[in-house]
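# Descriptive analysis of the structure
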Amino acid sequence: MTATTAATTDERNLERLQRDHGPALLSFLLGLTYGDRQRAEDLAQETLVRAWLHPEAFDGPYDSMRPWLFTVARRLAIDARRSRLARPAEIGDGVLAVTPDPQDATASAEAALDVRAAVRELSPEHQAVLVRLYFHGLTVNEAATDLGIPAGTVKSRSHYALRQLGRSLPGYRPRRSPIARPRAAAAQ
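Attention in this report is confined to the structure presented alongside it. Everything quoted here is computed from the prediction, not taken from an experiment. (Residues numbered from 1 in each chain as written. Predicted model: local features only at pLDDT ≥ 70, side-chain atom pairs only at ≥ 80, totals over all residues. Heavy atoms only, no water.)

### Regarding the overall build of the protein
Of the regular secondary structure elements, the protein holds eight helices and zero strands. Each helix and strand of the protein, ordered N terminal to C terminal, gives the series α-α-α-α-α-α-α-α. Put simply, the protein has 188 residues, and 25% of those count as buried. (Helix = DSSP H or I, 4+ residues; strand = E, 2+ residues; numbered from the N terminus. Buried < 20%, exposed > 50% of the residue type's maximum accessible area, 1.4 Å probe, protein only.)

### Things to note about the pattern of salt bridges
Applying the stated rule across the entire model yields five salt bridges. A salt bridge links Arg39 to Asp36; the shortest N-O distance between them is 3.3 Å. We note a salt bridge from Arg132 to Asp146, for which the minimum N-O separation is 2.5 Å. One end of the pair, Arg132, is in helix α6 (residues 124-135); the other, Asp146, is in helix α7 (residues 140-147), with 14 residues separating them in the sequence. (Salt bridge = Lys/Arg side-chain N within 4 Å of Asp/Glu carboxyl O.)

### A look at the packing of aromatic side chains
Inspection of every chain in the model, using the stated rule, returns one aromatic pair. With 4.5 Å between their ring centres and 20° between their planes, Phe28 and Phe70 make a pair best called stacked. One end of the pair, Phe28, is in helix α1 (residues 11-32); the other, Phe70, is in helix α3 (residues 66-86), with 42 residues separating them in the sequence. Judged by its relative accessible area of 24%, Phe28 is partly exposed. (Phe/Tyr/Trp six-rings, centres within 6.5 Å; stacked < 30°, edge-to-face > 60°.)

### Overview of the nonpolar core
Counting residues in hydrophobic clusters, the biggest one holds 18 residues, and the most contacted among them are Leu17, Leu29, Met65, Trp68 and Leu69. Mapped onto this core, the elements with two or more residues apiece are α1, α2 (37-53) and α3. Per element, the largest residue contribution to this core is six residues, and it comes from α3. With sequence-adjacent residues up to four places away left out, Leu17 is seen in contact with Gly22, Leu48, Ala51, Phe58, Met65 and Leu69. Core analysis: the next-biggest nonpolar cluster, separate from the first, contains eight residues, Ala118, Leu130, Leu165 and Leu169 among them. (Core = buried A, V, L, I, M, F, W, Y, C linked by side-chain atoms within 4.5 Å. Contact = heavy atoms within 4.5 Å.)

### Examining unusual backbone geometry
Positive phi outside glycine occurs at Tyr34, with the angle close to 55°. Here Tyr34 is to be found in the loop between α1 and α2. According to the relative accessible area criterion, Tyr34 is exposed, its value standing at 70%.

### Observations concerning the environment of Asp10
Within the secondary structure layout, Asp10 lies in the segment before α1. For the pair Asp10 and Trp52, spaced 42 residues apart in the sequence, the C-alpha separation amounts to 7.7 Å.

Written out as structure tokens, the structure is:
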């Protein structure tokens with residue numbers, strides 16, 4: 001195949017390229033996109049656009065354009081994947097419909113009442129640990145000193161108190177705790 005003197009590839013060469021290598025290129029891209037046909041077709045089209053924009057590739061030292069096409073397609077697929085991973089995941093309107101409005105005082109007051117009721121169900125020892133860690137913002141060592149108990153006991157009581165709250169509160173999903181997970185349960 002030869003390139004024309006223009007800045008783009010001759011239409012006949014591009015047509016021949018598509019006919020000879022298009023099905024194999026699409027199959028290759030389907031594998032790279034985990035079977036996403038739409039994405040594979042888009043990448044195949046972009047690969048052929050690159051071939052159209054680079055007529056010098058037709059004058060390369062190789063007998064077939066397939067290695068060049070597959071290399072370009074692979075790089076485009078990698079770039080597209082990196083681009084998707086760099087952006088935050090898109091969410092639909094359904095998530096927004098069930099997400100409480102942070103400005104809604106009623107929802108936050110109701111949640112606060114639920115939390116208070118669930119905390120009241122805990123033992124006094126567990127309550128004391130959670131109040132110091134989560135409401136007063138003390139570290140594990142500070143809470144241990146304040147309560148006069150070992151730091152390991154603070155950690156284990158916190159762990160078991162949060163587990164109990166998780167069972168008591170509907171829809172509760174614990175955030176990452178500000179303390180490390182205990183290796184073994186010390187005294188509750």
